[in-house]
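Okay, here's what each chain looks like letter by letter:
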Amino acid sequence: MKICVVIPVLHSEDLVAKAVGEYTRAAAPGTKLAFTALDVGTYTIESEFDIVLNQPATLRAVQNAEATGNQAAILACFGDPAGAAAKEVSAIPVVGEGEAALHYCSLLASRFSIITVREQTIPFMFNATRRTGLEAKLASVRAVDRSEERRVGKECRSR
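On a predicted model such as this, the values are computed, not experimentally measured, just so you know.

All right, on to the pattern of salt bridges then. Tallying each qualifying case throughout the model produces five salt bridges. As a salt-bridge pair, R118 and E46 come within 2.0 Å of each other at their nearest N and O atoms. With R118 in the loop between β5 (112-116) and α5 (122-132) and E46 in the loop between β2 (32-38) and α2 (48-67), the pair connects residues that are 72 residues apart, well separated along the chain. The residue K87 makes a salt bridge to E99 at a minimum N-O spacing of 2.7 Å. Taken together, the residues span a long stretch of sequence, with K87 in helix α3 (residues 83-89) and E99 in helix α4 (residues 97-108) at a distance of twelve residues. Judged by its relative accessible area of 22%, E99 falls in the partly exposed class.

Structural data, given as structure tokens:
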């Protein structure tokens, strides 16, 4: 099987190398992996605004993955930018890391929490959970504020 890992942010040698290492270790024997990052967009995705900015290039990357013979595409970002649209414009399966992680959590427990790095991403995490249809299983989203000398957990519970 040939799978393209779409890194839906601007190209960074460090980020691509990290993805190559992680996916290569996890891939089944015989799986051929291709990796691509965006040429237009943002360097990180930490908000709905970032997702919107990166969607067009992400869609083009998925379409290119299909056109070059990949049998599936993975969106390597918890926010799954353009995930639903990519599934509409592509005949190959498209799976987002966030979508996969949330569904996996829902199989392991009746409720789960999300830990994120920045407090400002809490609403973004709620929206990602809503998009997967798993909001009822979300217990909380907690941000670990890394800007302070010691790590202090900030919390926001689901409604």
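Next up on the list: the side chain of T58. Looking at where T58 falls in the secondary structure, it is placed in helix α2. The class for T58 is buried, based on a relative accessible area of 0%. Residues contacting T58, with those up to four places away along its chain left out, are V6, P8, L38, L75, P81 and A82.

This part covers the pairing of strand β3 (residues 72-75). Neither face of β3 is exposed, since A72 and I74 on one face and A73 and L75 on the opposite face are all buried. Taken together, the four bridges between strand β1 (residues 2-10) and β3 define a ladder with parallel strand orientation. Residue pairing for β3: C4 is matched across the bridge by A73. The pairing of β3 with strand β4 (residues 94-96) spans three bridges and is parallel. What sits directly across from L75, in β4, is G96. Handedness of the crossover is the feature at issue here: the chain leaves β3, passes through α3, returns alongside β4, and the resulting connection is right-handed.

The rules behind the values
Residues numbered from 1 in each chain as written. Predicted model: local features only at pLDDT ≥ 70, side-chain atom pairs only at ≥ 80, totals over all residues. Heavy atoms only, no water. Salt bridge = Lys/Arg side-chain N within 4 Å of Asp/Glu carboxyl O. Helix = DSSP H or I, 4+ residues; strand = E, 2+ residues; numbered from the N terminus. Buried < 20%, exposed > 50% of the residue type's maximum accessible area, 1.4 Å probe, protein only. Contact = heavy atoms within 4.5 Å. Pairing = 2+ DSSP bridges. Right-handed = clockwise from strand over helix to strand, strands pointing away.

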